[in-house]
Every structure is written in C-alpha cells, then in structure tokens.
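Structure at a glance
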Amino acid sequence: MAGVSQDALYAEIDLELSWSEHELPQVERTKHVHKLHPYLGKFIPQLVEVFLERYFAPGACVYDPFVGSGTTLVEANTFGADSVGCDISAFNCLLSRVKVTQYSLGAVELSLRSTLEEARQAGPAPTRDASKWLRRWYSDRSLGELLRYREVAFDRLEDPSLDVAKVILSRAARSARLTTHYDLDFPRRPVRQPYFCHKHKRTCTPVDESAKFLARYTADTVRRIREFSNVRTSSLVEVIHADSQRLDLPIQPHGVITSPPYPGLIDYHEQHRYAYELLGLDDRSDIELGRARRGTSRPALREYVDGMVAVFANASRQLSPGAPVVIVVNDSRGLFPDVLEKAGLRLDQSLTRHVNRRTGRRAGQFFESVLVCNVIGRY
Ligand SMILES: C[S@@+](CC[C@H](N)C(=O)[O-])C[C@H]1O[C@@H](n2cnc3c(N)ncnc32)[C@H](O)[C@@H]1O
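Analysis parameters
- Residues numbered from 1 in each chain as written.
- Predicted model: local features only at pLDDT ≥ 70, side-chain atom pairs only at ≥ 80, totals over all residues.
- Heavy atoms only, no water.
- Salt bridge = Lys/Arg side-chain N within 4 Å of Asp/Glu carboxyl O.
- Helix = DSSP H or I, 4+ residues; strand = E, 2+ residues; numbered from the N terminus.
- Buried < 20%, exposed > 50% of the residue type's maximum accessible area, 1.4 Å probe, protein only.
- Contact = heavy atoms within 4.5 Å.
- Phe/Tyr/Trp six-rings, centres within 6.5 Å; stacked < 30°, edge-to-face > 60°.
- Pairing = 2+ DSSP bridges.
- Core = buried A, V, L, I, M, F, W, Y, C linked by side-chain atoms within 4.5 Å.
- Domains from an automatic or database assignment.
- Near = heavy atom within 4 Å.
- Polar contact = N/O pair within 3.5 Å; in protein donor to acceptor, adjacent residues only side chain to side chain.
- Areas by Shrake-Rupley, 256 points an atom, 1.4 Å probe, with all protein chains shown as cover.
- Disulfide = S-S within 2.5 Å.
- Axes fitted to C-alpha atoms, helices over the stretch in contact; angles between N-to-C directions.
- Parallel < 35°, antiparallel > 145°, perpendicular 65-115°, else oblique.
- Left-handed = near helix turned anticlockwise from the far one by under 90°.
- Buried area = accessible area lost by both parts, 1.4 Å probe.
- Nonpolar A, V, L, I, M, F, W, Y, C, P; charged D, E, K, R; others polar.

Describing the pattern of salt bridges
According to the stated counting rule, one finds 26 salt bridges in the structure shown. With a shortest N-O distance of 2.9 Å, Arg 223 and Asp 220 are connected by a salt bridge. With Arg 223 and Asp 220 both in helix H10 (residues 211-229) and three residues apart, this pair spans about one turn of that helix. Owing to a relative accessible area of 13%, Asp 220 belongs among the buried residues under this scheme.

Remarks on the side chain of Ser 210
Following the sequence through the fold, Ser 210 ends up in the loop between strand E4 (202-204) and H10. Setting aside residues no more than four positions away along its own chain, Ser 210 makes contact with Ser 142, Glu 145, Leu 146, Ala 172 and Ala 176.

Looking at the environment of Leu 47
Counting through the fold element by element, Leu 47 comes out in helix H3 (residues 45-55). Taking the C-alpha atoms as reference points, Leu 47 and Asp 282, separated by 235 residues in sequence, lie 31 Å from one another. Excluding anything up to four places from it in sequence, Leu 47 contacts Leu 17, Trp 19, Val 328, Arg 353 and Glu 368.

Re the packing of aromatic side chains
Here the structure, examined in full by the defined rule, presents seven aromatic pairs. Relative to Phe 336, the ring of Phe 312 has its centre 6.4 Å away and its plane inclined at 75°; by these criteria the two rings are edge-to-face. Taken as a pair, Phe 312 in helix H12 (residues 298-317) and Phe 336 in helix H13 (residues 336-343) lie far apart in primary sequence, 24 residues in all. Three or more aromatic residues joined by ring pairs form one cluster here, namely Phe 66, Phe 312 and Phe 336.

Remarks on the pairing of strand E6 (residues 255-258)
Here E6 shows a buried face lined by Gly 255 and Ile 257 and a second buried face lined by Val 256 and Thr 258. The pairing of strand E1 (residues 61-64) with E6 spans two bridges and is classified as parallel. Counted as the bridge partner of Tyr 63 is Val 256 from E6. As defined by bridge partners, E6 adjoins strand E7 (residues 324-329) across three bridges and the pair is classed as parallel. In the sheet register, Ile 257 faces E7, and the bridge partner there is Val 326.

Focus on the nonpolar core
Leu 112, Tyr 138, Tyr 149 and Leu 278 are the most contacted members of the largest nonpolar core, which totals 53 residues. Breaking this core down by element, the ones donating at least two residues are helix H4 (71-79), helix H5 (90-100), helix H6 (105-122), helix H7 (132-137), helix H8 (140-156), helix H9 (161-176), H10 and helix H11 (273-279). Counting contributing residues, this core receives three or more from each of domain 1 (6-99 + 232-375) and domain 2 (105-229). Residues within four places of Tyr 138 in sequence aside, it is in contact with Trp 133, Leu 143, Leu 146, Ala 173, Arg 174, Ala 176, Arg 177, Leu 178, Arg 192 and Tyr 274. Counting 36 residues, the second largest nonpolar core, distinct from the first, contains Tyr 63, Phe 66, Ala 242 and Ala 323.

Section: the site of the ligand
Lining the immediate environment of the ligand, one finds 26 residues, of which Ser 69, Thr 71, Asp 87, Asn 92 and Ser 259 sit closest. The side chain of Tyr 39 places a nitrogen or oxygen atom 2.9 Å from an oxygen atom of the ligand. For the ligand, a nitrogen atom lies 3.2 Å from a polar atom in the backbone of Ile 88. Coverage of the ligand by the protein amounts to 99% of the 600 Å² it exposes when considered alone.

Topic: the state of the cysteines
Tallying each qualifying case throughout the model produces zero disulfides. Here Cys 86 is not cross-linked by a disulfide; its sulfur's nearest cysteine counterpart is in Cys 93, at 6.7 Å. Cys 204 forms no disulfide, and the closest cysteine sulfur to it belongs to Cys 197, at a distance of 4.0 Å. For Cys 204, a relative accessible area of 3% gives the class buried.

Overview of the packing of H6 against H8
Running from N to C, H6 and H8 point in directions that differ by 135°, and their axes come no closer than 9 Å. Comparing their axes, H8 and H6 come out oblique. Relative to H8, H6 is oriented so that their crossing is right-handed. Contact with H6, carried on its side by Leu 112, Ser 114, Thr 115, Leu 116, Glu 118, Ala 119 and Ala 122, involves Arg 148, Tyr 149, Val 152, Ala 153 and Arg 156 of H8 and no other residues of that element.

Considering the sheet that holds E6
A sheet is described by the order of its strands in space; here seven strands give the open sequence E5-E2-E1-E6-E7-E9-E8, paired in mixed fashion. Two strands lie at the open edges of the sheet, namely strand E5 (237-241) and strand E8 (345-354), each paired on one side alone. Pairwise comparison of adjacent strand axes, ignoring direction, gives a mean angle of 20° for this sheet. Two strands pair when backbone bridges link them, and E1 and strand E2 (residues 82-87) are joined in this way by four bridges, in the parallel orientation. Paired with Tyr 63 across the bridge in E2 is Val 84. Where H3 meets the sheet, its contacts fall on E1, E6, E7, E8 and strand E9 (367-375), and the angle it forms with E7 comes to roughly 160°.

Overview of the domain arrangement of the chain
Domain annotation of the chain identifies domain 1 (6-99 + 232-375) and domain 2 (105-229). Taking only C-alpha atoms, the centre of domain 1 and the centre of domain 2 are 28 Å apart. Broken down residue by residue, the surface that domain 1 buries against domain 2 is led by Leu 36, Tyr 274 and Leu 278, which jointly contribute 26%. Our enumeration of links across domain 1 and domain 2 arrives at five residue pairs in polar contact (both at pLDDT 80 or more). Where the side of domain 1 that touches domain 2 is concerned, the elements lending two or more residues are H4, H5 and H11. Taken together, the residues of the side of domain 1 that touches domain 2 break down into 13 nonpolar, five polar and nine charged.

See below:
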C-alpha cells in the first residue's frame, strides 16, 4: 500500500456500513431465515448486501471460509450469486444448509406439523438414558418432550424436512435450558429455583416445558422459510463441513466475504452444546480457531495467527489474482496485517464501521474493521 499510511486508512468510518437502530431496526437485521436460530457472532445481512454490490456481480461465486450461521450464503443467493460456505462446526453447517435449501413448502409444513402433533400426543419420553449434560440442564418434563420430538422426527421424517426439524428441536432446546432470562447467551450453571430477573425486573421461574417452544418455533420456522422463498433465486449454494485451513473447493470462487472468529471470545461449538448433545453431531472443537477456552496467551495468539494464515492462504491459492477478499474483523490486537501478508493478500482499504449493539450485557460503543483485500498472485 505505497503512499497510504495506516492512520489514513484507519481514519475512515464508512457511513454506508454503519447503521443506527432507527435506520436498521432489529426486525430488518433478522429478516426471514436469518432468525431461524439464535447465533452469537454473526454479521448483519445488510453488511453483506453492501459488499456484494460493491465487489461482486450477479452470476459470480462467493466463498465464505467461516460460514457460521450462513449470512453470506443467504445474501449471495438473493443477490443472484452462487456461493460456497465452509465451517468446522457441524451445527453451523446444519443451520446454514437449512436456511438455503429450496423446499417443497407444502410438504415440509405438513410433515413438521404432524411430527409436532404426534410428539404432543405421545407425551414426554423417558429421560433416564439421556446424557448427564442433558439431565443437568433440563427439567425432567422439558427433556422428555425434547426427546419425544426427536424420536418422532427421526422415525417419520427424511431430509430436507428432518434437517428443519433438527433446527426447530435445537432452538426449543436452547430456550428450555434451566437458565435465567438474562443469561441465555452464556449460562454458567443450571438454575432450578425462582430467581430475581434483571431483564424483567421481577421474580421469574425457570422453564419447565419444551412443547410450547417446539410449537412456536415450528410455526415461526415455516413462516420464515416461506418468506425467504419469495426473494430467493435459483443460484447454487454449497455448505461444506470441513476445516477451511485445508479445504479444496469444488469450484473456483470469484472472491471471499467472511468474518473470522476473534481470539478468546466465543466458543462456537460450545454455544450450541445442546444441539451436539441431542443430535449426536460430530464435535470438532479441537480444530476450531480462536476458541474462548484457549484464551489469549501468547501461544494461543500465535496459534490463532497461524490458523488465520492457513485459511486465507488456502483461499488465495484457489482464487484468481486480483480477486476481492472482504474480511470483517475486530482486530484490536493488530494481528491481521501479519496474517494478510503471509496469506498472499494485499490490503486495499481498511474501513471502520460502528456496530450498533442494542442488547443487554454486551452493549456499548463497539467498532469493527472491514479489510478489503486483493489476492496478490498464485500462492
Ligand atoms: C464469526 S463466526 C462467522 C459468522 C458468520 N459470518 C455469520 O454471519 O453467521 C466464525 C466461524 O468460524 C468457524 N470456524 C472456526 N474455526 C474454523 C475452521 N478451522 N474451519 C472452518 N470454520 C471455522 C466457527 O465455527 C464459526 O462458525
């Protein structure tokens, strides 16, 4: 970046990438399938919309090596671009796939509603054989209802309806955990007694059933999938459960839009632990980059940088020279200049965006960077 100082680059706040609550209310940020299941650490769809408009054309193919809950894929599809997403978390891949699959809507709705009804009629299943973790985090009745729904869904459904049922089950399981209303993101220990709720400013009681969540989320999921079907295109979408440090892509993408994990902040497998427990998903947290439980010690940061270099070098090697690579990152430790250089990427622009966080304990002034890079050459 000859002639442009880091200060000049970092001085920019890109107003097109920063929205107030009034300009972009939560209902817009969580439109249609973007809210099929809560997910901590996603970027907002409107950000991806701007990147697609600026750096891609309809018909292109976009790659996201940290696909998470699938925001890039959903937006690429409505934009008319093909997309490939990779994630090491099996649950995130399931969630992304459920968002982008093209369904036969009437059939899916019918089979989900009959699953719900059959599970309701059968009543809670026995819980004695469930894992220790499940028995610790749910009341007996809640867990029994989740297990019954799982049994009926696995018995009667086939993909793609079964995948949708797995997401509904997971979302209900998240809501039915024995935790407080104000601690759904990071519950530390099960709460079995009434407690003073900081969110509602009154005494609240832990949840004792899952059936109402299963019913509510079945209706909500069907509605959201229908809404997305009105705006989706027939562009191709592929979700791959793999380590993006090593993935050989099935096609050559035109560029990347992604947001990597930040070191020591979020455990992406752990935040959906209930889904791993209930669905028996493959847990590959040992190769999840930046895990919170690895901390931010020097060796952990070195490992993080090596991992980021591996992911972006692997992507660069499969892109054409000059291809755009857009990275949304909170690089408070200044690790990315090194990552980009080692991965064969040239920084063209570093934009700063203000992040509007309206919810509870993680609120406050928060900025993140958008690093707009180009692939230098064959790497
Ligand atoms: C910040 S999140 C991405 C969120 C995404 N932009 C969204 O809107 O949902 C980072 C993701 O990187 C994934 N990840 C961590 N290590 C990985 C690896 N080695 N290979 C692929 N994905 C990985 C995590 O599982 C997590 O889903």
